[in-house]
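Structural description and commentary
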Amino acid sequence: MITYKIAGLGEVLWDVYQDAKYLGGAPANFALHAQRLGAEGIIISRVGDDLLGKELLALLNKWGVKTEAIQIDPHKPTGTVHVKLDVKGVPTFTCSQDVAFDYLEFDEKLKMLLPQLDAVLYGTLIQRNSVARKTVQRALNELKDVLVVFDVNFREVSSETKAIVSESLRKTDILKINETELQMLQEIFDGTSQPPGDFLERLLEEFSLRLVCLTLGENGCYCQSSSERYYSPGFRIQPVDTTGAGDAFIAAFVISYLQAQPLPRAMEFANAVGALVAGRNGAVPPYTRQDIDQFLQKDWKRNVDKQFEKYWN
């Protein structure tokens with residue numbers, strides 16, 4: 001069986017809750033979930049030469065994750081995000097500024113790693129600083145025969161956002177967004193007057209995307225390509241902490257996609273992994289493939305988006 005090399009290119013940091021902290025950052029979470037699912041997960045990022053950075057690297061080493069592609073910044077601190085959960089386990093985030101990952105460099109280790117990858121995911125937060133943005137865009141230009149996933153994961157919107165998103169989409173195979181991010185993209189690209197499906201078709205054509213994957217939270221997910229449209233209902237669970245559920249979803253989806261699984265099967269599997277993670281604490285809680293198989297064997301009630309046909313057909 002093939003062991004895929006799957007990288008998260010971007011921020012690695014600590015998610016700080018009121019009474020605990022967990023390793024976080026969407027690209028890092030993605031890579032860690034890929035590793036949980038049997039791939040070789042690789043984090044390409046930068047941490048500070050401080051206690052938080054040392055703790056982060058020690059935890060990753062404990063989990064068996066290779067840290068060679070994580071740079072150490074002698075001047076800037078390790079990134080943090082303060083997380084608050086509402087009664088449904090839905091988080092809000094406050095990100096630290098001017099931290100180590102903002103200064104990710106294109107070094108020799110990164111250059112040597114890129115040709116080895118099967119898939120890479122990146123987002124917008126890592127591109128808020130011009131130094132890291134140049135590194136990300138250069139890395140994307142270097143990739144050949146690698147599945148490129150853009151998880152927009154908006155945390156900050158500025159006057160440069162449209163240019164950053166446009167440049168990124170031109171180098172992307174799969175766009176992963178949630179409903180809020182879809183609305184934000186429609187506003188950025190003056191597409192608020194278009195039905196969502198028509199707007200996504202516009203993105204597919206304009207930027208030559210293979211696929212758009214829209215996560216719908218508890219209601220599952222929707223995928224659209226130039227020739228296919230599928231909806232997969234969500235699993236009716238009792239959420240505990242939805243932080244990282246989207247990262248788990250896209251990691252599971254990417255592995256299924258690399259395995260050439262049919263889209264509906266890939267979506268069902270990704271929904272299951274996302275739901276399992278949302279039922280536990282932290283963005284990357286412990287779980288095994290056996291846990292997922294047992295989850296899928298249960299007779300779950302499903303959450304169906306009742307407005308789905310109105311919006312997409």
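Everything quoted here is computed from the prediction, not taken from an experiment. Along each chain, residue indices are assigned from 1 in the same order as the chain's sequence is written. Only residues with pLDDT of at least 70 are given local features in this predicted model, and only at 80 or more are side-chain atom pairs given and counted; all residues enter the totals for whole chains, interfaces and linings. To obtain the side-chain values, all non-hydrogen atoms of the structure were included, while hydrogens and water were left out.

As for the overall build of the protein chain
Keep this limit in mind: Only DSSP runs of H or I with at least four residues qualify as helices, and only runs of E with at least two residues qualify as strands; both kinds are numbered from the N terminus onward. We call a residue buried when its accessible area falls under 20% of the maximum for its residue type, exposed when it is over 50%, and partly exposed in between, using a 1.4 Å probe and counting protein chains only. We call two residues in contact whenever any of their non-hydrogen atoms come within 4.5 Å of each other. The charged-residue count follows a simple rule in which Lys and Arg add positive charge and Asp and Glu add negative charge, with His and chain termini not counted at all. The location of each charge is read from NZ of Lys, CZ of Arg, CG of Asp or CD of Glu.
In terms of helices and strands, the protein chain carries 11 helices and 15 strands. The principal-axis extent of the C-alpha atoms belonging to the protein chain is close to 55 × 40 × 40 Å. In the protein chain, buried positions account for 55% of the 313 residues. In the protein chain, 71% of the contacts between residues at least 6 apart in sequence involve partners at least 24 apart. Taking the average place of the 34 positive charges on the side chains of the protein chain and the average place of its 41 negative ones, the gap between the two points comes to 2 Å.

Describing the sheet that holds strand β6 (residues 79-85)
The following threshold applies: Only strands that DSSP links by at least two bridges are regarded as paired with each other. Only C-alpha atoms enter the line fits that serve as axes; for helices the fit covers just the stretch in contact. Angles between N-to-C directions range over 0 to 180 degrees.
Read from one edge to the other, the open sheet built from 4 strands follows the order β3-β2-β6-β7, with strand pairing classed as mixed. Edge strands, defined here as strands with exactly one partner in the open sheet, are β3 (21-24) and β7 (91-95). On average, each strand axis in the sheet is inclined to that of its neighbour by 30 degrees, with strand direction left out of account.

Re helix α1 (residues 26-36)
A large share of α1 lies buried, amounting to 9 of its 11 residues. Turning to α1, its buried residues are Ala-26, Pro-27, Ala-28, Asn-29, Phe-30, Ala-31, Leu-32, His-33 and Ala-34.

Re the sheet that holds strand β5 (residues 70-73)
Spatially, the 9 strands line up as an open sheet ordered β5-β4-β1-β8-β9-β10-β11-β12-β13, and their pairing is mixed. The sheet is open, and its two edges are formed by β5 and β13 (229-232), each paired on a single side. On average, each strand axis in the sheet is inclined to that of its neighbour by 15 degrees, with strand direction left out of account. As judged from the 3 bridges shared by strand β9 (residues 147-151) and strand β10 (residues 174-178), these two strands associate in the parallel manner. From the neighbouring strand, Asp-151 faces β10, where its bridge partner is Lys-176. Most of the contacts of helix α2 (residues 51-62) go to strand β4 (residues 40-48), to which it runs at about 170 degrees, and overall it touches β4 and β5. Contacts from helix α9 (residues 263-278) reach β11 (211-215), β12 (221-224) and β13 within the one sheet, and its direction differs from that of β13 by about 30 degrees.

With respect to the nonpolar core
Spelled out, the test is: Only buried Ala, Val, Leu, Ile, Met, Phe, Trp, Tyr and Cys residues count toward a nonpolar core, and they belong to the same one when joined by side-chain atoms within 4.5 Å.
One finds Leu-175, Ile-177 and Leu-185 to be the most contacted residues of the largest nonpolar core, which totals 51 residues. If we skip the residues at most four places from it in the chain, Leu-175 touches Phe-150, Val-152, Leu-169, Leu-185, Leu-203, Leu-209, Leu-211, Val-212 and Cys-213. Ala-34, Ala-251, Phe-269 and Tyr-287 belong to the second-largest nonpolar core, a separate cluster that totals 37 residues.

Details of unusual backbone geometry
With phi around 45 degrees, Asn-153 is a residue other than glycine that occupies positive phi space. Locating Asn-153 in the fold gives a position in the loop between β9 and α5 (161-169). Owing to a relative accessible area of 11%, Asn-153 belongs among the buried residues under this scheme. In this structure, Asp-190 is a non-glycine residue whose phi angle is positive, near 55 degrees. Along the polypeptide, Asp-190 turns up in the loop between α6 (179-188) and α7 (196-206).

Topic: the side chain of Ser-256
Note on placement: Ser-256 falls in helix α8 (residues 245-258). By relative accessible area, Ser-256 is classed as buried at 4%. The residues touching Ser-256, leaving out its near neighbours within four places in the chain, are Gln-261, Ala-266 and Phe-269.

Let's talk about the packing of aromatic side chains
Remark: the centre distance and the inter-plane angle together describe each pair of aromatic rings, the angle taken between the planes. Rules: The aromatic pairing rule takes the rings of Phe, Tyr and Trp, using the six-membered ring of Trp, and pairs them if the centres are within 6.5 Å, calling planes under 30 degrees apart stacked, those over 60 edge-to-face and the rest tilted.
Scanning the entire structure with this criterion turns up 8 aromatic pairs. Centre to centre, the rings of Phe-235 and Trp-300 are 6.5 Å apart; their planes meet at 80 degrees, and the pair counts as edge-to-face. Here Phe-235 is found in strand β14 (residues 234-235), whereas its partner Trp-300 is found in the loop between α10 (289-297) and β15 (302-303), with 65 residues between them in sequence. The class of Phe-235 is buried, set by a relative accessible area of 6%. A connected cluster of aromatic rings, assembled from ring pairs, spans Phe-235, Phe-295 and Trp-300.

Here's the deal with the packing of α1 against α8
The condition is simple: Roughly parallel means an angle under 35 degrees; roughly antiparallel, over 145; roughly perpendicular, 65 to 115; everything else is oblique. Note on convention: near helix rotated counterclockwise from far helix by under a right angle means a left-handed crossing. Clockwise means right-handed. By the convention adopted, Pro, Cys, Tyr, Trp, Phe, Met, Ile, Leu, Val and Ala count as nonpolar, Lys, Arg, Asp and Glu as charged, and the other residues, Gly among them, as polar.
Close contact between α1 and α8 brings their axes to 8 Å; oriented N to C, the two are set at 50 degrees. Our classification of the angle between α1 and α8 gives oblique. Of the two elements, α1 crosses α8, and the hand of that crossing is right-handed. In this structure, α1 uses Ala-26, Asn-29, Phe-30, His-33 and Ala-34 to contact α8, whose residues at the interface are Asp-247, Ala-248, Ile-250, Ala-251, Val-254 and Ile-255. Split by residue class, the contact of α1 with α8 holds 8 nonpolar, 2 polar and 1 charged.

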